[in-house]
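Inside the fold
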Amino acid sequence: MKPFPRAEISAEALRHNLVRLRQFAPKSRVFAVVKANGYGHGLLNVAQCVTDADGFGLARLEEALQLREGGVKAKLLLLEGFFRQSDLPLLIEHNIDTVVHHESQVEMLEQAELSSPVTVWLKVDSGMHRLGIAPDDFDVIYQRLMECDNVAKPIHLMSHFACSDEPDNAMTARQIQVFEQLTENLPGDRTLANSAGALYWPSSRADWIRPGIALYGVSPVMGDVGRNHQLIPAMSLVSRLIAVRKHKAGESVGYGAYWTAQKDTRLGVVAIGYGDGYPRNAPEGTPVLINGRRVPIVGRVSMDMLTVDLGQDAEDKVGDEAELWGQALPVEEVAEHIGTIAYELVTKLTPRVAVCLD
Ligand SMILES: *Cc1c(COP(=O)(O)O)cnc(C)c1O
């Protein structure tokens, strides 16, 4: 019997989305970004499905080591770089590329004694102002890395966008320009584009794209869904009805007696709650898909359950499946009801939700 609640992951959708992203950027290689447990889809699940990716992007060394332990041989890149000097021998032992975004990392590279050089992607702050070497400091840092025997040559180059998910925001074009001017005539590979860059900013595609959310079939843009780009959502979050109750007009439901029925109806109780990562702040009206119908959440989401208004004539039964998001109910739409982004919903599921690859 299938567990519930569960996140069903479609291997076919993941593979399709990689093919689709390559259509957007046919000249680029692809770092499939699988940080945060493959955006909640399961780190090894995703890596083992999208074996055609040219490499994988991770946020933390531990994530990269898990991939190596799982037998993944592809190129791996630490998008935030290494954090400690003692990480460096592990990068060499396991053949992991690192971003260098800060002078402290340059110092650690200069001071380390390593058996062979590390492959470095030097991150330029082209305007996001979170991580990266400021344009004024770029030449000095680049020269230090060139003179450092612990750094493999050529040095590769990267940057990250602040507003690429806003297709009309001129900031992205300015960031591309800053990056291109600074790195003109330098050897090495270049990478700028996250999902939104790959979808919307052709001049950002460069040698490598770094899609995360689009690989999972989800659009990075507010008010948009993956389907508009022929991407297929890879995750369906599924649970089931554990009670169907007759409910009279004037009766409330749940903690805080927060919602009161205007007329006689039937309420369904779905076995999923904030203890599974479904947000407690999901407001009344957030849709849930049951037997092909969108029904609204009513009352407060509790730890293990939530309640939906099935309607007076509903024939839904205990044991029927409820989809919280998936191919017929885009996670982008659910996120909009809740006032967050799809990224947060898919990455916040707790270990109590079984992740099932099919
Ligand atoms: C997470 C991340 C990405 C992927 O971003 P999406 O918007 O999910 O495509 C790309 N590059 C860097 C540096 C990241 O941290």
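These notes cover the structure that comes with them. (Residues numbered from 1 in each chain as written. Predicted model: local features only at pLDDT ≥ 70, side-chain atom pairs only at ≥ 80, totals over all residues. Heavy atoms only, no water.)

Considering a nonpolar patch on the surface
- On the surface, Met1, Phe4, Ile242 and Met305 cluster together into a nonpolar patch covering about 430 Å² of accessible area.
- Within the secondary structure, methionine 1 sits in the segment before strand E1 (6-9).
- Among the residues examined, methionine 1 registers a relative accessible area of 88% and is labelled exposed. (Patch = residues over 30% accessible without salt bridge, like charges linked within 9 Å, V, L, I, M, F, W, Y side chains within 5 Å. Areas by Shrake-Rupley, 256 points an atom, 1.4 Å probe, with all protein chains shown as cover. Salt bridge = Lys/Arg side-chain N within 4 Å of Asp/Glu carboxyl O. Helix = DSSP H or I, 4+ residues; strand = E, 2+ residues; numbered from the N terminus. Buried < 20%, exposed > 50% of the residue type's maximum accessible area, 1.4 Å probe, protein only.)

Remarks on the packing of aromatic side chains
- Counting across every chain of the model gives seven aromatic pairs.
- Arranged with centres 6.1 Å apart and planes meeting at 90°, the rings of tryptophan 121 and tryptophan 208 form a pair that is edge-to-face. Placement of tryptophan 121 in strand E6 (residues 120-123) and of tryptophan 208 in strand E9 (residues 208-209) is noted, with a sequence separation of 87 residues between them. Grouping residues by exposure puts tryptophan 121 and tryptophan 208 together as buried.
- Three or more aromatic residues link up through ring pairs in this structure, and these residues are Phe31, Trp121 and Trp208.
- Positioned above the aromatic ring of tyrosine 258, the side-chain terminus of arginine 300 is 4.5 Å from the ring centre. (Phe/Tyr/Trp six-rings, centres within 6.5 Å; stacked < 30°, edge-to-face > 60°. Lys NZ or Arg CZ within 6 Å of the ring centre and 35° of its normal.)

A few points about the site of the ligand
- Around the ligand, a shell composed of Val33, Lys35, Tyr39, Leu79, His160, Asn194, Ser195, Arg210, Pro211, Gly212, Ile213 and Tyr343 is seen.
- Between an oxygen atom of the ligand and a side-chain N or O atom of tyrosine 39, the distance comes to 2.5 Å.
- Within the side chain of tyrosine 343, one N or O atom sits 2.6 Å away from an oxygen atom of the ligand. (Near = heavy atom within 4 Å. Polar contact = N/O pair within 3.5 Å; in protein donor to acceptor, adjacent residues only side chain to side chain.)

Looking at the packing of helix H6 (residues 103-111) against helix H7 (residues 138-147)
- With their axes 10 Å apart at the nearest point, H6 and H7 run at an angle of 20° to one another. By the criterion of interaxial angle, the relationship of H6 to H7 is roughly parallel. Classified by chirality, the crossing of H7 by H6 is left-handed. Contacts from Glu103, Val106, Glu107, Leu109 and Glu110 of H6 reach H7 at Ile141, Arg144 and Leu145.
- For the contact of H6 with H7, the per-class residue count stands at four nonpolar, no polar and four charged. (Axes fitted to C-alpha atoms, helices over the stretch in contact; angles between N-to-C directions. Parallel < 35°, antiparallel > 145°, perpendicular 65-115°, else oblique. Left-handed = near helix turned anticlockwise from the far one by under 90°. Contact = heavy atoms within 4.5 Å. Nonpolar A, V, L, I, M, F, W, Y, C, P; charged D, E, K, R; others polar.)

As for the pattern of salt bridges
- Within this structure, the stated rule accounts for 16 salt bridges.
- Where aspartate 189 meets arginine 29, a salt bridge forms, and the shortest distance between an N and an O atom there is 3.2 Å. Of this pair, aspartate 189 sits in the loop between helix H8 (171-183) and strand E8 (190-191) while arginine 29 is found in strand E2 (residues 29-33), placing the two residues 160 residues apart along the sequence.
- Of the residues examined, aspartate 189 reaches a relative accessible area of 19% and is grouped as buried.
- Through salt bridges with shared partners, a single ionic network connects Lys2, Arg6, Glu8 and Glu321.

Points about the environment of valine 178
- Counting through the fold element by element, valine 178 comes out in helix H8.
- Residue classification places valine 178 among the partly exposed residues on the basis of a relative accessible area of 27%.
- Measuring from C-alpha to C-alpha, the distance between valine 178 and glycine 326 comes to 39 Å, with 148 residues separating the pair along the chain.
- Beyond its immediate sequence surroundings of up to four residues, valine 178 is in contact with Ser126 and Pro135.

Note that every value here comes from positions in space, so none of it alone points to a role or purpose.
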